[in-house]
There are 2 protein chains.
Amino acid sequence: MFIFVVAKNIYNGAMNYEPINYEALLRTHQLKATPQRIGILNAMHTHGHITIDTLYSDIKKEFSAISLATLYKNIHQMMDATLVTEVKIAQQKTLYEITKAAHAHLACDRCGSVYDIAIDATPLVAQQSPLSQHRIESAQITFTGVCQGCLTKGA
Amino acid sequence: MFIFVVAKNIYNGAMNYEPINYEALLRTHQLKATPQRIGILNAMHTHGHITIDTLYSDIKKEFSAISLATLYKNIHQMMDATLVTEVKIAQQKTLYEITKAAHAHLACDRCGSVYDIAIDATPLVAQQSPLSQHRIESAQITFTGVCQGCLTKGA
DNA sequence: CATTCTATGGATAATTTTTTTCCTTTAGAT
DNA sequence: ATCTAAAGGAAAAAAATTATCCATAGAATG
Ligand SMILES: [Mn+2]
Ligand SMILES: [Mn+2]
Ligand SMILES: [Zn+2]
Ligand SMILES: [Zn+2]
């Protein structure tokens, strides 16, 4: 398993710093590289995190006949293949993103935007695991606060 | 704002170690203490975390005529009053719990159960905040792993 | 305790979100 | 170029959530 960085995002896949080759990325995950799937990944990459509605209206520009069912079906297939990750945040609509290296999120209290936060949760997991009667393997972290944009703008 | 411990759960409200007085808890949060609301809180407390379906079938035993709309309306009112918290975990149905002192969750990979994990995220937030261009105020943490029950049982 | 007023509950319908079915089309292998 | 399993699209169904309307019941007032 390799890690490569493209446009501030860290995707799992072939080592590569070129513009993302969605076709190869799909095939690597045993999924047929259809134009619709490439469009879905492209929209996800452009937005970073995307709701089903935004994805739908976005992708309709290129595939006017595409169906919501196609989006849901593909998102689930890609999630099964760990190519796409579901991001659920309280009080927010479900978001989807291309699977990246482990990272946390910041959900802005003011504008609702969600940002990636680079963080290594390994120490947290390692520290917590022995304290618990469960086996802890990984952590999903969502920070709440005020994003940079709202900080500079607002009062 | 006080903290008190009842039956392994840490609720915000009046200082008290007695069985939870839901009536008082509701009034403290400026909500009328109706039997239905008391039933909702009781079911939440019994289950720790509860889905809307479980809540519905549970509470119907006492209020056979209760409507799902009543549940949703009340849950949202209680969330607005910070008396109830929504817990969203990837691949899982939305859960609700009575608001407790800050804590993390463990979602078991095997059985899907969700457990409370005592943890103080203050250091994590304090450490992360200066590293980011955003203002980070709090953290929601969900651990993934295998729960104690599945550990003792399974292979 | 009786009166009053407003918030609440329940019935119902409407929306929104997600999944399923069925048939046609297409990606990728041969 | 041909073949076939997988994928797309239309449509309907199912699941989840929210809104509307009115009778009723908390709880404040006196
Ligand atoms: Mn992300
Ligand atoms: Mn909890
Ligand atoms: Zn913001
Ligand atoms: Zn388990």
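Residues numbered from 1 in each chain as written. Chains lettered and ligands numbered in written order. Predicted model: local features only at pLDDT ≥ 70, side-chain atom pairs only at ≥ 80, totals over all residues. Heavy atoms only, no water.

As for the coordination of the manganese ion (ligand 2)
All names here are of chain B.
Then, in step 1: Bound to the manganese ion (ligand 2) on the protein side are His49 (NE2), Glu97 (OE), His103 (NE2), His105 (NE2) and Asp116 (OD), at distances that span 2.0 to 2.3 Å.
Then, in step 2: Donor residues for the manganese ion (ligand 2), ordered by position in the chain, follow H-x47-E-x5-H-x1-H-x10-D. In this pair, His49 is assigned in the loop between helix 2 (35-47) and helix 3 (52-60) and His103 in the loop between strand 4 (95-98) and strand 5 (104-108), connecting sequence segments 54 residues apart. Here His49 and His103 have matching classes, each one buried. (Donors = N, O, S within 2.8 Å, 3.2 Å for Na, K, Ca; no water. Helix = DSSP H or I, 4+ residues; strand = E, 2+ residues; numbered from the N terminus. Buried < 20%, exposed > 50% of the residue type's maximum accessible area, 1.4 Å probe, protein only.)

A closer look at the interface of chain B and chain A
Then, in step 1: If you look at the interface, chain B gives 34 residues, while chain A gives 34 residues.
Then, in step 2: Broken down residue by residue, the surface that chain B buries against chain A is led by Lys88, His134 and Arg135 of chain B, which jointly contribute 20%.
Then, in step 3: Linking chain B with chain A are 0 salt bridges.
Then, in step 4: Viewed at the interface, chain A and chain B are joined by 14 residue pairs in polar contact (both at pLDDT 80 or more).
Then, in step 5: Contributing elements (two or more residues each) for the side of chain B that touches chain A: strand 6 (114-117), helix 5 (122-128), strand 7 (135-146) and helix 6 (148-153) of chain B.
Then, in step 6: Take the side of chain B that touches chain A: its biggest share by element is 12 residues, from strand 7 of chain B.
Then, in step 7: Among the residues forming the side of chain B that touches chain A, the class breakdown is 16 nonpolar, 12 polar and 6 charged.
Then, in step 8: Both strand 7 (residues 135-146) of chain A and strand 7 of chain B contribute to a ladder of 11 bridges, which runs antiparallel. Opposite Phe143 of chain A, over in strand 7 of chain B, you have Ala139 of chain B as the bridge partner. (Contact = heavy atoms within 4.5 Å. Buried area = accessible area lost by both parts, 1.4 Å probe. Salt bridge = Lys/Arg side-chain N within 4 Å of Asp/Glu carboxyl O. Polar contact = N/O pair within 3.5 Å; in protein donor to acceptor, adjacent residues only side chain to side chain. Nonpolar A, V, L, I, M, F, W, Y, C, P; charged D, E, K, R; others polar. Pairing = 2+ DSSP bridges.)

So, the domain arrangement of chain A
All names here are of chain A.
Then, in step 1: The domains assigned to chain A are domain 1 (22-98) and domain 2 (103-153).
Then, in step 2: With 6 residues of domain 1 at the contact, the number on the domain 2 side is 8 residues.
Then, in step 3: Carbon and sulfur atoms make up 59% of the area that domain 1 and domain 2 hide from each other, which totals about 490 Å².
Then, in step 4: Area buried by domain 1 at its contact with domain 2 is led by His49, Ile89 and Gln92, which between them contribute 69% of it.
Then, in step 5: Along the contact surface separating domain 1 from domain 2 lie 0 salt bridges.
Then, in step 6: At the junction of domain 1 and domain 2, the tally comes to 3 residue pairs in polar contact (both at pLDDT 80 or more). (Domains from an automatic or database assignment.)

Observations regarding the pattern of salt bridges
Residue and element names in this part refer to chain A.
Then, in step 1: The full count for this structure, using the stated rule, is 12 salt bridges over all chains.
Then, in step 2: Linking Lys93 and Asp53 is a salt bridge whose minimum nitrogen-to-oxygen distance equals 3.5 Å. With a gap of 40 residues between them, Lys93 in the loop between strand 3 (84-87) and strand 4 (95-98) and Asp53 in helix 3 (residues 52-60) connect regions that are remote in the sequence.
Then, in step 3: Assessed through its relative accessible area of 41%, Asp53 is described here as partly exposed.

Brief notes about helix 2 of chain B
All names here are of chain B.
Then, in step 1: Under the 1.5 Å per step criterion, the end-to-end length of helix 2 is 18 Å for 13 residues, consistent within 8% with the ideal 18 Å.
Then, in step 2: The complete set of buried residues in helix 2 reads Arg37, Gly39, Ile40, Leu41, Ala43, Met44 and His45.
Then, in step 3: Taken from the residues just after helix 2, Gly48 is the one with a positive phi, measuring 80°. (Expected span 1.5 Å × (residues − 1).)

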